[in-house]
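Reading the structure
Residue-level listing of the chains:
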Amino acid sequence: MGEVAVMRSEPLQFECNDMKHLTEGDTYATDSNAELDHREESSQSTDHEKTNDLREKGYMEYGCQHYRRRCCIRAPCCNEVFDCRHCHNEAKNDISIDQKLRHDIPRHQVKQVICSLCGTEQEVQQNCINCGVCMGKYFCETCKLFDDDVSKQQYHCNGCGICRTGGRENFFHCYKCGCCYSILVKDSHPCIEGAMHHDCPVCFEYLFESRNDVIVMPCGHTIHKSCLKEMREHYQYACPLCSKSVCDMSKVWEKFDLEMAAIPMPEPYQNKMVWILCNDCCKTSRVQFHFVAQKCLNCKSYNTRQTRGGDC
């Protein structure tokens, strides 16, 4: 037992007695396991940073007028390469293209992408299989959508079946209208089946897939925000589809009252009566004829037209 005790104690005695002779370099050579683990973690952290730097290479430097992204797509319909689906649709629907050959890309059928940095063609995925670069900060595998500009707050709506912008928390999907609306109108918007599945009544762009802001008018019909603004600039305040007023016109109707009072009708017309249909409340009235306009007896609107009588 004594021999065993000496064998255990000698290394300890040697370590204590000779510690004063160790140099600074020798001290570092006897690193603890914790220090070694720290070095390994530091090395792994460095490798992780290098990987991130590689993925960030070319960020916001590539793309087209529609998207900032680091890849192109191969169109499954014509087997040609384009920066994005909008570039394809604009090129393939140009007026110079034979009308029979014009077409849109089936976005969900895109299978191949080409890395903008190394030129490697590959199946749709977020990171390049060759150089490792991230081809889009936002990536939707369903829509095959890549975009580095995440300030748009993109999200995929399962109800619409496509990606939207503006932040998921700011929108809700109305299943009757068949589209996403701002949560501000969740309890107040009039539901019209398929409200977004038609062209803008002004510019004729398909609203459901439009990249421009779309708003809901009080009547429930939808239109580009910019198109509605242009209408107002030209003093057009009625929906192009149903003719209902697109905003509160009460102040305008008050001015109409003053104008009509200031313009008396000639004697042959003073007793002339006509039937009118109100575009706002959809009621008919029999009123006195006036050159300026006819006022609805039900809602006091001047947004009317002459008719034969009867409710719409």
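Just above sits the structure.
Structure report, in brief. In this text the structure is predicted, and so the values were computed from the model without any measurement. (Residues numbered from 1 in each chain as written. Predicted model: local features only at pLDDT ≥ 70, side-chain atom pairs only at ≥ 80, totals over all residues. Heavy atoms only, no water.)

**A look at helix 5 (residues 225-233)**
Those residues of helix 5 lying buried are Cys 227, Leu 228 and Met 231. Along the long axis of helix 5, the arc covered by the buried residues comes to 100°, so they all point the same way. Facing away from the buried surface of helix 5 by more than 90 degrees, the exposed residues are Lys 229 and Glu 233. On its buried face, helix 5 sits against strand 11 (214-216) and strand 12 (222-224). Taken from the residues just after helix 5, Tyr 235 is the one with a positive phi, measuring 60°. (Buried < 20%, exposed > 50% of the residue type's maximum accessible area, 1.4 Å probe, protein only. Helix = DSSP H or I, 4+ residues; strand = E, 2+ residues; numbered from the N terminus. Arc of directions from axis to C-beta. Contact = heavy atoms within 4.5 Å.)

**Notes on helix 4 (residues 85-92)**
Where burial is concerned, most of helix 4 is hidden: six out of the eight residues are buried. Of all the residues in helix 4, the buried ones are Arg 85, His 86, Cys 87, His 88, Asn 89 and Lys 92. Residues of helix 4 that are buried in the fold lie against strand 1 (71-74) and strand 2 (81-82).

**Structural notes on unusual backbone geometry**
If you check the backbone angles, Met 60 has positive phi at about 65° while not being a glycine. The topology assignment puts Met 60 in the loop between helix 3 (33-55) and strand 1. Overall, the relative accessible area of 32% leaves Met 60 in the partly exposed class. In this structure, Ser 243 is a non-glycine residue whose phi angle is positive, near 75°. Along the chain, Ser 243 falls in the loop between helix 5 and helix 6 (250-262). Here Ser 243 falls in the partly exposed class, since its relative accessible area comes to 26%.

**Points about the nonpolar core**
Met 135, Leu 145 and Tyr 181 are the most contacted members of the largest nonpolar core, which totals 35 residues. Sort the elements by how many residues they give to this core and strand 10 (residues 179-182) lands first, with three residues. Contact partners of Tyr 181, with chain neighbours within four places excluded, come to Asn 170, Phe 171, Phe 172, Cys 174, His 189, Ala 195, Met 196, Val 216 and Thr 222. With ten residues, the next largest nonpolar core counts Cys 219, Ile 223, Leu 228 and Val 246 among its residues. (Core = buried A, V, L, I, M, F, W, Y, C linked by side-chain atoms within 4.5 Å.)

**A look at a nonpolar patch on the surface**
On the surface, a cluster of nonpolar side chains totalling about 230 Å² of accessible area is made up of Tyr 59, Met 60 and Val 150. On the basis of relative accessibility, which here comes to 33%, the residue Tyr 59 falls in the partly exposed class. (Patch = residues over 30% accessible without salt bridge, like charges linked within 9 Å, V, L, I, M, F, W, Y side chains within 5 Å. Areas by Shrake-Rupley, 256 points an atom, 1.4 Å probe, with all protein chains shown as cover. Salt bridge = Lys/Arg side-chain N within 4 Å of Asp/Glu carboxyl O.)

**Structural notes on the side chain of Gln 154**
By the element assignment, Gln 154 lies in the loop between strand 6 (145-147) and strand 7 (155-157). For Gln 154, a relative accessible area of 13% gives the class buried. Here Asp 149 takes part through its backbone oxygen, which lies 3.0 Å from a polar atom of the side chain of Gln 154. Not counting residues up to four positions away in its chain, the partners in contact with Gln 154 are Tyr 138, Asp 147, Asp 149, Arg 164 and Thr 165. (Polar contact = N/O pair within 3.5 Å; in protein donor to acceptor, adjacent residues only side chain to side chain.)

**Remarks on the packing of aromatic side chains**
Applying the stated criterion across every chain, the model contains ten aromatic pairs. Where Phe 172 meets Tyr 181, the ring centres are 6.4 Å apart and the plane angle is 65°; that geometry is what we call edge-to-face. An identical accessibility class is assigned to Phe 172 and Tyr 181; each is buried. Here the aromatic rings of Tyr 269 and Phe 289 are separated by 6.0 Å at their centres, their planes lie at 40°, and the arrangement is tilted. Here Tyr 269, found in the loop between helix 6 and strand 13 (273-278), pairs with Phe 289, found in the loop between strand 14 (284-288) and strand 15 (304-307); they are 20 residues apart in sequence, far enough to count as distant. An aromatic cluster of at least three residues, connected via ring pairs, comprises Trp 253, Phe 256 and Tyr 302. Over the face of the ring belonging to Phe 289 we find Lys 272, whose NZ or CZ atom lies 4.7 Å from the ring centre. (Phe/Tyr/Trp six-rings, centres within 6.5 Å; stacked < 30°, edge-to-face > 60°. Lys NZ or Arg CZ within 6 Å of the ring centre and 35° of its normal.)

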